[in-house]
Amino acid sequence: MTGSEENYSAEAEASSRDPHDWGRAMALALTRLAEQLAPEDSEDMHASLVDRPLHLRISDDGAGVTIAISTQPVPAP
């Protein structure tokens, strides 16, 4: 991560409007977000998502939906 004050976001499209079909799109969006947050040499990039508040937005996209996941900086103690 280049700075704790930055916001990050990622999205992916699901071709169905049924929430039971959104798993792959959700996983892809989370992976894209983890790639932005984790250090380059990280062996477990998904650990960068643990204990981090995430924001989820699901938008209508014709026959499917767009799943967007973002993070905002965690306030300093």
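Before reading on, note that the structure itself is shown above.
Every residue gets a number counted from 1 within its own chain, in the order that chain's sequence is written. Local features in this predicted model are restricted to residues of pLDDT 70 or higher, and side-chain atom pairs are both shown and tallied only at a pLDDT of 80 or more, whereas totals for entire chains, interfaces and linings draw on every residue. Each side-chain value is worked out from all heavy atoms of the structure, with water and hydrogens disregarded.

Take the buried residues of types Ala, Val, Leu, Ile, Met, Phe, Trp, Tyr and Cys, join any two whose side-chain atoms come within 4.5 Å, and each joined set is a nonpolar core. The rule is simple: take the accessible area with a 1.4 Å probe, protein chains only, and divide by the maximum for that residue type; under 20% is buried, over 50% is exposed, in between is partly exposed. Ranked by internal contacts, the top residues of the largest apolar core, which has 14 residues, are L33 and I67. Numbering of helices and strands starts at the N terminus; helices are DSSP runs of H or I of at least 4 residues and strands are runs of E of at least 2. Of all the secondary structure elements, the ones that give two or more residues to this core are strand 1 (8–14), helix 1 (23–37) and strand 3 (64–71). Counting residues per element, this core draws most heavily on helix 1, which supplies five residues. Only heavy atoms enter the contact rule, under which two residues are in contact if any of them lie within 4.5 Å. Filtering out sequence-adjacent residues up to four positions away, I67 remains in contact with A10, E11, A12, W22, A25, M26, A29, L56, R57 and I58.

Quick look at unusual backbone geometry now. Even without glycine at this site, D51 takes up a positive phi of about 65 degrees. As for its position among the elements, D51 is in the loop between helix 1 and strand 2 (54–61). For D51, a relative accessible area of 77% corresponds to the exposed category.

A strand pair is defined by DSSP finding two or more bridges across the two strands. Here we have three strands laid out as an open sheet, ordered 1-3-2, and antiparallel in their pairing. The open sheet has two edge strands, strand 1 and strand 2, and neither has a second partner. Between one strand axis and the next, the sheet turns by 20 degrees as a mean value, whatever way the strands run. Taken together, the eight bridges between strand 2 and strand 3 define a ladder with antiparallel strand orientation. Along strand 3, the bridge assignment pairs R57 with A68. In the packing of helix 1 onto the sheet, the strands contacted are strand 1, strand 2 and strand 3, and the crossing angle to strand 1 comes to about 155 degrees. Angles shown run from 0 to 180 degrees and are taken between the N-to-C directions of axes, each axis being a line fitted to C-alpha atoms and, for helices, limited to the stretch in contact.

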